[in-house]
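# A closer look at the structure
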Amino acid sequence: MKFHETKLNNGLQIIGELSPNVHSVAIGFFVNTGSRDETDAISGVSHFLEHMAFKGNDKYTADDINRIFDEIGARHNASTSEEVTLYYAAILPEYLPQAFELLTALIYPTLRQDDFDMEKNVILEEIGMYEDQPSFKAYELVMQRHFQGHPLGQSILGSPESIAALTSTQMRDYHAEHYKAGNIVLAVAGNIHWREIMELAEQHCSSWPAGKSPRDTREAEPNPGAQMIPKPDSLQQHIMQLGKGPAATDDLRYAAELLSVVVGDDGGSRMYWELVDPGHAEMAELGYNEYAGSGTWLTYLGCRPEQVEANLERIAKIYADLNENGITETELEQAKNKVLSRIVLRSERPMGRLSSLGNNWVYRQEYHSVEHDLELVRSMTCARIAELLASYPLTQQSTIGIGPLAELPVG
């Protein structure tokens, strides 16, 4: 496995982790833009733009793009988050030229007015679909509450009102500002020659406009509080809570990943044994999310309404014990084995390596080999976890509840 890195004259960064010992190649364009780069007036434009990318350019129609990806057997898609819009494909190495050209067509679509008008209805339907999913709705609302007044509080999908009011001119202006070459990282993993990647990049990307968009990455100050969204016909209460965690460039993030496994993994964690296994809750998890300049602990509880008060007390008790006493050596060893297995299993496919490769470069301008990540996990100590908890204790600062309860029960 060999790592390569370079930059085109227009600022497009290109990284590759290449290996002749695999049978596929994965390629992704990581565009450094998402909902945190939007204003209320254009809320949802990043995600809407991701949809418009598949409408084609002057050379390829929407049908062409879907047909050719199918003809070459590609596994392809796109996603939008608070900070990154990703366009990717995994293919057999001999089809890289076709997949590469199609992905570059997605980055610079034509953005036709009739496509914009039609896709707006698709986005509105998608918003409606997620409105009916309590876990997704709770996540959107708890992010808005926790990051109130901060760019990370912007909704990824936008609202029906913001999407209805959005114009194609606003989208074109946003695309011109944020899809500059200096805002994009091209990551490649798998069985391909570096020379071929460079030739394709020069052919299809060197004419892209240079430049980089500024981003507000100040650390967020949480907005504590609770809000309940009544849903009387629901049988289950969904509670989502956020607390302050380490940011994407903080070395404590490695300890945070391990601690979240100890405390809130979906099996074998403290929350699993205390809440899920005895039947007190259907879902009780802790996650860690990293962002540029900020980070969060995310607590998710799903249970019968009458169990909410007791379960929140159980979670608060678990967190208080951890904040005071830390974790045990046995818990740390088990969490390490879980994380080590996940890293290795993911790494055995180029598509599994693409996300780690691209995100490390986007957030930290760092390359981490699999061996490097494994060593980081193996070197973690209980003392380091204690250091993390001293700086970022487990908290339930911002709360959103969706379900039958009109008020958050407080014991």
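These numbers were taken from a predicted model, which means no experiment stands behind them. (Residues numbered from 1 in each chain as written. Predicted model: local features only at pLDDT ≥ 70, side-chain atom pairs only at ≥ 80, totals over all residues. Heavy atoms only, no water.)

## Details of the overall build of the protein
- Summing up its helical and strand segments, the protein has 15 helices and 11 strands in all.
- In summary, the protein has a C-alpha radius of gyration of 22 Å against a globular reference of 22 Å for 411 residues, a match within 12%.
- Expressed as a percentage of its 411 residues, the buried residues of the protein come to 55%.
- In the protein, once contacts between residues fewer than 6 apart in sequence are set aside, the share between residues at least 24 apart is 81%.
- If you sum the accessible surface of the protein, you get close to 17700 Å²; carbon and sulfur atoms cover 49% of it.
- Separation between the mean location of the 33 positive side-chain charges and that of the 59 negative ones in the protein comes to 3 Å. (Helix = DSSP H or I, 4+ residues; strand = E, 2+ residues; numbered from the N terminus. Rg over C-alpha atoms; globule rule 2.2 N^0.38 Å. Buried < 20%, exposed > 50% of the residue type's maximum accessible area, 1.4 Å probe, protein only. Contact = heavy atoms within 4.5 Å. Areas by Shrake-Rupley, 256 points an atom, 1.4 Å probe, with all protein chains shown as cover. Lys, Arg positive; Asp, Glu negative; His and termini not counted. Charge placed at Lys NZ, Arg CZ, Asp CG, Glu CD.)

## Description of the pairing of strand 2 (residues 13-18)
- Of all 6 residues in strand 2, 6 are buried; the element is thus mostly enclosed.
- Because side chains alternate across strand 2, one face comprises the buried residues Gln13, Ile15 and Glu17, and the other comprises Ile14, Gly16 and Leu18, equally buried.
- Note: strand 1 (residues 2-7) against strand 2, 6 bridges, orientation antiparallel. Each bridged residue has a counterpart across the sheet, and for histidine 4 the counterpart in strand 2 is glycine 16. (Pairing = 2+ DSSP bridges.)

## Comments concerning the sheet that holds strand 11 (residues 398-403)
- The strand order across the open sheet built from 5 strands is 7-11-8-10-9, with neighbouring strands paired in mixed fashion. The open sheet is flanked by strand 7 (225-230) and strand 9 (283-291), the only strands paired with a single partner. Averaged over all pairs of adjacent strands, the angle between their axes in this sheet comes to 15 degrees, without regard to strand direction.
- For strand 8 (residues 237-245) and strand 10 (residues 294-303), the ladder comprises 9 bridges, and the chain directions are antiparallel. (Axes fitted to C-alpha atoms, helices over the stretch in contact; angles between N-to-C directions.)

## Focus on the pattern of salt bridges
- For the structure shown, the criterion picks out 22 salt bridges.
- The salt bridge partner of arginine 36 is glutamate 83, with a shortest N-O separation of 2.5 Å. Taken together, the residues arginine 36 in the loop between strand 3 (25-31) and helix 1 (45-53) and glutamate 83 in the loop between strand 4 (75-80) and strand 5 (85-91) connect sequence positions 47 residues apart.
- In this structure arginine 36 comes out as buried when scored by relative accessible area, which is 4%.
- A residue is classified by how much of its surface remains accessible, and glutamate 83, at 1% relative accessible area, is buried.
- Across the salt bridge formed by arginine 253 and glutamate 366, the nearest N and O atoms sit 3.9 Å from each other. (Salt bridge = Lys/Arg side-chain N within 4 Å of Asp/Glu carboxyl O.)

## Regarding the sheet that holds strand 2
- Strands sit in the order 1-2-6-3-5-4 across an open sheet of 6 strands; the sheet is mixed. Lying at the two open borders of the sheet, with one neighbouring strand each, are strand 1 and strand 4. The sheet shows a mean angle of 10 degrees between the axes of neighbouring strands, taken without regard to direction.
- Alignment of strand 3 against strand 5, held across 7 bridges, turns out to be antiparallel. Pairing of isoleucine 27 across the sheet is with alanine 89, part of strand 5.

## With respect to the side chain of serine 19
- With respect to the helices and strands, serine 19 occurs in the loop between strand 2 and strand 3.
- Polar side-chain contacts of serine 19 include one of 3.1 Å to the backbone nitrogen of asparagine 21.
- Ignoring sequence-local partners within four residues, the contact set of serine 19 consists of Met1, Gly190 and Asn191. (Polar contact = N/O pair within 3.5 Å; in protein donor to acceptor, adjacent residues only side chain to side chain.)

## Here we look at the domain arrangement of the protein
- Segmenting the protein into domains produces domain 1 (2-206) and domain 2 (225-403).
- Centre-to-centre, using C-alpha coordinates, domain 1 lies 27 Å away from domain 2.
- On the domain 2 side, the residues contacting the 38 residues of domain 1 number 38 residues.
- Counting the surface lost from both domain 1 and domain 2, the interface buries some 3100 Å², and carbon and sulfur atoms represent 73% of this.
- Its largest share of buried area at the contact with domain 2, domain 1 owes to Glu17, Arg145 and His146, together 19% of the area lost on that side.
- At the junction of domain 1 and domain 2, the tally comes to 1 salt bridge. (Domains from an automatic or database assignment. Buried area = accessible area lost by both parts, 1.4 Å probe.)

## Looking at the UniProt feature "domain: Peptidase M16 N-terminal" (unreviewed entry) in the protein
- The UniProt entry lists residues 18-158 under the feature "domain: Peptidase M16 N-terminal" (unreviewed entry), expressed in the numbering used here.
- Annotation note: span residues 18-158, helix share 45%, strand share 15%, distance between end C-alpha atoms 38 Å. (UniProt positions renumbered as here; feature names shortened; annotations may be inferred.)

## With respect to helix 12 (residues 329-347)
- Taking 1.5 Å per residue, 19 residues should reach 27 Å; helix 12 reaches 27 Å between its end C-alpha atoms and fits that length.
- Among the residues of helix 12, those classed as buried are Glu331, Leu332, Ala335, Lys336, Lys338, Val339, Leu340, Ile343 and Ser347.
- At its buried positions, helix 12 is contacted by helix 9 (253-264), helix 10 (270-276), helix 13 (350-364), helix 14 (370-378) and helix 15 (382-391). (Expected span 1.5 Å × (residues − 1).)

## Some remarks on the packing of helix 2 (residues 62-71) against helix 3 (residues 96-107)
- Close contact between helix 2 and helix 3 brings their axes to 10 Å; oriented N to C, the two are set at 150 degrees. Classified by the interaxial angle, the pair formed by helix 2 and helix 3 is roughly antiparallel. Note on packing geometry: the crossing formed by helix 2 with helix 3 is left-handed. Between helix 2, through Ile65, Ile68 and Phe69, and helix 3, the contact on the second element is made entirely by Ala99, Leu102, Leu103 and Leu106.
- Residue classes in the contact of helix 2 with helix 3 are distributed as 7 nonpolar, no polar and no charged. (Parallel < 35°, antiparallel > 145°, perpendicular 65-115°, else oblique. Left-handed = near helix turned anticlockwise from the far one by under 90°. Nonpolar A, V, L, I, M, F, W, Y, C, P; charged D, E, K, R; others polar.)

## Observations regarding the UniProt feature "domain: Peptidase M16 C-terminal" (unreviewed entry) in the protein
- As recorded in UniProt, the sites labelled "domain: Peptidase M16 C-terminal" (unreviewed entry) are residues 166-338.
- The span residues 166-338 shows a helical share of 40% and a strand share of 24%, and its end C-alpha atoms are spaced 45 Å apart.

## So, the environment of lysine 137
- Its place among the elements puts lysine 137 in helix 5 (residues 134-146).
- In this structure the C-alpha to C-alpha distance between lysine 137 and alanine 335, which are 198 residues apart in sequence, comes to 30 Å.
- Ignoring anything within four residues of it in the chain, the contact list for lysine 137 reads Tyr130, Glu131 and Ile402.

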